Amino acid sequence: MAATTRLEFRDVTKRFANPRQGGFVVAVEGVSLAIADGEVVSLIGPSGCGKSTLLNMGSGLDPASSGEVRVDGELVTKPNKHVAFMLQKDLLLPWRTIVENVELGQEIQRVAGGERRKRALDLLAKCRLPDFAHHYPHQLSGGMRQRAALARTLAVDPTVLLMDEPFSALDAQTKMVLQQDLGRTLADTGKTALLITHDLVEAVAMSDRILVMSQRPGRIIEEIVVEISDRDNPMRRRQHPKVATYIVQLMNLLQIEQAAA
Amino acid sequence: MSKTGSLAMQPGVRKMMAGSALLFVAFLAAWQWGPGLFGIPAFIIPPVSLVWEQFLHMMAHDHLLFHTGITAMQVGVGFVLGVLLGILCGFALGMSPSAEFVLSPYILALQIAPKVAFAPLFIIWFGYTVYPKILVCVLIVFFPVMINVLGAVRALDPDIVRLARSFTANRLQVFWKIEFPAALPPLFAGLRIAATLAVIGVLVGELVGGNIGLGYMLAFAEGAGDTAAVFVTIIMLTLIGIALYGIVVAIEGRVLHYLPARARLAT
Ligand SMILES: Nc1ncnc2c1ncn2[C@@H]1O[C@H](COP(=O)(O)OP(=O)(O)OP(=O)(O)O)[C@@H](O)[C@H]1O
Ligand SMILES: [Mg+2]
């Protein structure tokens, strides 16, 4: 079974005008990647190498300077219903209750009220927040808010999830619990995901493949296939003896030891 | 939704309310007998009983209610128009940085200019009608509202707008679902300020010219040296202001009910 490609970058370059010094800043250069249906791919690289820039182009919010981005074979020129993104900030709207926040995307896409509410409550139950549906965001902890943000992302039933360091603002324990939830949900629903992270263990525990980027201008310098079973169970996966090997490999690629010396 | 019901039940709150009632009685007593105690004559500070009598007299013979109504109407119309204009301009400028850049020196100049000084000008333009008074009110109400809305649009986290756009929101949806509700808390802060200023705008217009409204009564009482009537007029003006402020606070309580208690301004 040849899996279909869901998200594809073809020789994508992004330049930003640099008004101070004139000329351009090349954020990413010649990036090509393809993510198959149901695959979870992590993207790691030094700070400022253009990871978020790639994700923004994938969501259709920012155009590529050259090259093309495709979702399900279709050229991405503007935001579309198949892609949803999630950031480090939960971006919950303070004037909406949690369930209303979860409904935001569906509301924008004009899903009928009854169906919308049912789906939102369903997802809140799956994200283990059913009792907080009618609370306001300020009444929730950081971890709970991020769960709500995940429910909001899933509510529009996207085929591709783009996540920019979704758990990096959480404490270590909460993070592991949310990784577990996300890993299971992604496996259950068969969604395709591109996950940006600085957490090497998270990258190994969550993904089928890891793409490593270079310093700016960002290029993809290495692709690592994570050959550990139980992708739907990150908690078990992170205890696997092979994890350390992958971490060492990633540290070498990112030249972390040299940077510290 | 509202928590005021349970609030009134609390013994601490009841004690505070009793305290402020007591203070009010003490204030009235001091007003009644205080001036006499210090030998201040009634034409400087009339005792409260005299002011009350004057109030009844003005109600019966001087159409006090009519003049109060005129002033209140002008305050209401001026306030609503000024607020709408302020909201409109606040959003328009907030969404168009280039327009704000071009217009900001003029806005700043107009903001610094004492708005009440425009009253004579407006009277030259529109004569002794209600329009100059309403116009001064509009002008004075406009700024705090516009500045607050503008600031709110500017302060909005662009990532929230990007989130909405990633859900394929169009411009109108971004406005109604994100920008407008996000601007409401600062808007209400601006409305509170505007409510306290609105009466000043109308009053100055009335003082400068015309023969109706509380401003006219105030000028008339001053000419007649009728201190008690001056007091009555000041009190009526204050009551209009309090009523407007009360309405703003009541609406705010309904609209911004989602804010955590500590973020809501104490009334
Ligand atoms: N709107 C912009 N205008 C100009 N330069 C930009 C813009 N957005 C990003 N850049 C530049 O592009 C480069 C890549 O930024 P990006 O945010 O994609 O990095 P990142 O890999 O996500 O970093 P981090 O890991 O710290 O989040 C940076 O050097 C940044 O300064
Ligand atoms: Mg980033």
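Please read these numbers as outputs of a predicted model, since none were measured by experiment.

What about the overall build of chain A?
Phase 1: A tally of helices and strands in chain A yields 10 helices and 10 strands.
Phase 2: At 18 Å, chain A has a C-alpha radius of gyration in line with the 18 Å of a compact globule built from 261 residues.
Phase 3: If you line up chain A on its principal axes, its C-alpha atoms span 50 × 45 × 45 Å.
Phase 4: Considering chain A as a whole, with its 261 residues, one finds that 52% of them fall into the buried category.
Phase 5: For chain A, contacts bridging at least 24 residues in sequence account for 68% of all contacts bridging at least 6.
Phase 6: When the accessible surface of chain A is summed, it comes to about 11,700 Å², and 49% of that surface belongs to carbon and sulfur atoms.

Concerning the domain arrangement of chain B
Residues and elements named next belong to chain B.
Phase 1: The domains assigned to chain B are domain 1 (1-39) and domain 2 (46-263).
Phase 2: The C-alpha-based centres of domain 1 and domain 2 are spaced at 29 Å.
Phase 3: At the interface, 4 residues of domain 1 touch 8 residues of domain 2.
Phase 4: For the pair domain 1 and domain 2, the two sides together bury roughly 500 Å², of which 68% comes from carbon and sulfur.
Phase 5: Inspection of the region where domain 1 meets domain 2 yields 0 salt bridges.
Phase 6: For the side of domain 1 that touches domain 2, the class distribution of residues is 3 nonpolar, 1 polar and no charged.

Brief notes about the pattern of salt bridges
Phase 1: Within the structure shown, the criterion is met by 27 salt bridges over all chains.
Phase 2: A salt bridge links Arg117(A) to Glu103(A), with the shortest nitrogen-to-oxygen separation between them at 2.5 Å. Within this pair, whereas Arg117(A) is found in helix α4 (residues 113-126), its partner Glu103(A) is found in the loop between α2 (98-102) and α3 (104-108), the two being separated by 14 residues in sequence.
Phase 3: The exposure class assigned to Arg117(A) is partly exposed, which follows from its relative accessible area of 29%.
Phase 4: Each member of the salt-bridge network shares a partner with another, and the members are Asp62(A), Lys89(A), Asp157(B), Asp159(B) and Arg162(B).

Some thoughts on the packing of helix α4 (residues 64-95) of chain B against helix α11 (residues 227-255) of chain B
All names here are of chain B.
Phase 1: Two elements in contact, α4 and α11, have axes separated by 11 Å at closest approach and are oriented at 40°. The chirality of how α4 crosses α11 is right-handed. Residues Leu-64, Thr-68, Thr-71, Ala-72, Val-75 and Phe-79 of α4 form the contact with α11, whose participating residues are Val-232, Met-236, Leu-237, Ile-240, Leu-244 and Val-248.
Phase 2: For the contact of α4 with α11, the class distribution of residues is 10 nonpolar, 2 polar and no charged.

A short note on the side chain of Arg209(A)
Residues and elements named next belong to chain A.
Phase 1: By secondary structure assignment, the location of Arg-209 is in strand β9 (residues 209-213).
Phase 2: For Arg-209, a relative accessible area of 11% corresponds to the buried category.
Phase 3: In this structure, Arg-209 is in contact with Ala-34, Ile-35, Glu-39, Val-40, Val-41, Ser-42, Glu-223, Ile-224, Val-225 and Val-226, ignoring residues within four places of it in sequence.

Topic: the nonpolar core
Phase 1: One finds Leu7(A), Phe79(B), Val141(B) and Val145(B) to be the most contacted residues of the largest nonpolar core, which totals 88 residues.
Phase 2: For this core, the element with the most residues is helix α9 (residues 171-208) of chain B, which contributes 15 residues.
Phase 3: Counting residues in hydrophobic clusters, the runner-up holds 30 residues, among them Ala133(A), Ala149(A), Leu154(A) and Leu161(A).

Cut-offs and rules
- Residue numbers here run from 1 along each chain, matching the order of that chain's written sequence.
- Numbering of ligands from 1 and lettering of chains from A proceed in the order in which they are written.
- Given that this is a predicted model, residues contribute local features only at a pLDDT of at least 70 and side-chain atom pairs are listed and counted only at 80 or more, while totals for whole chains, interfaces and linings are drawn from all residues.
- Excluded from the side-chain calculations are hydrogens and water; all other atoms, namely the structure's heavy atoms, are used.
- Helix and strand assignments follow DSSP, with helices taken as H or I runs no shorter than four residues and strands as E runs no shorter than two, numbered in order from the N terminus.
- As a reference, a globule follows 2.2 Å times the number of residues to the power 0.38, and the radius of gyration itself is taken over C-alpha atoms.
- Burial classes follow relative accessibility: with a 1.4 Å probe on protein chains only, a residue under 20% of its type's maximum area counts as buried, one over 50% as exposed, and anything between as partly exposed.
- Note on contacts: a residue pair is in contact if any heavy atoms of the two residues lie within 4.5 Å.
- Accessible surface is estimated by sampling points in the Shrake-Rupley manner with a 1.4 Å probe; for residues, cover comes only from the protein chains shown.
- Where each domain begins and ends is defined by an automated method or by a domain database.
- Accessible surface is computed with a 1.4 Å probe, and the buried area is the amount of it that two parts give up when combined, taken over both parts together.
- The rule for a salt bridge is simple: a side-chain nitrogen of Lys or Arg has to be within 4 Å of a carboxyl oxygen of Asp or Glu.
- Classes in brief: Ala, Val, Leu, Ile, Met, Phe, Trp, Tyr, Cys and Pro nonpolar; Asp, Glu, Lys and Arg charged; the others, Gly included, polar.
- Working convention: axes come from line fits to C-alpha atoms, limited for helices to the stretch in contact. Angles between N-to-C directions cover 0 to 180 degrees.
- Throughout, a crossing is termed right-handed when the near helix is turned clockwise from the far one, and left-handed when it is turned anticlockwise from it by less than a right angle.
- By nonpolar core is meant a set of buried Ala, Val, Leu, Ile, Met, Phe, Trp, Tyr and Cys residues that side-chain atoms within 4.5 Å join together.

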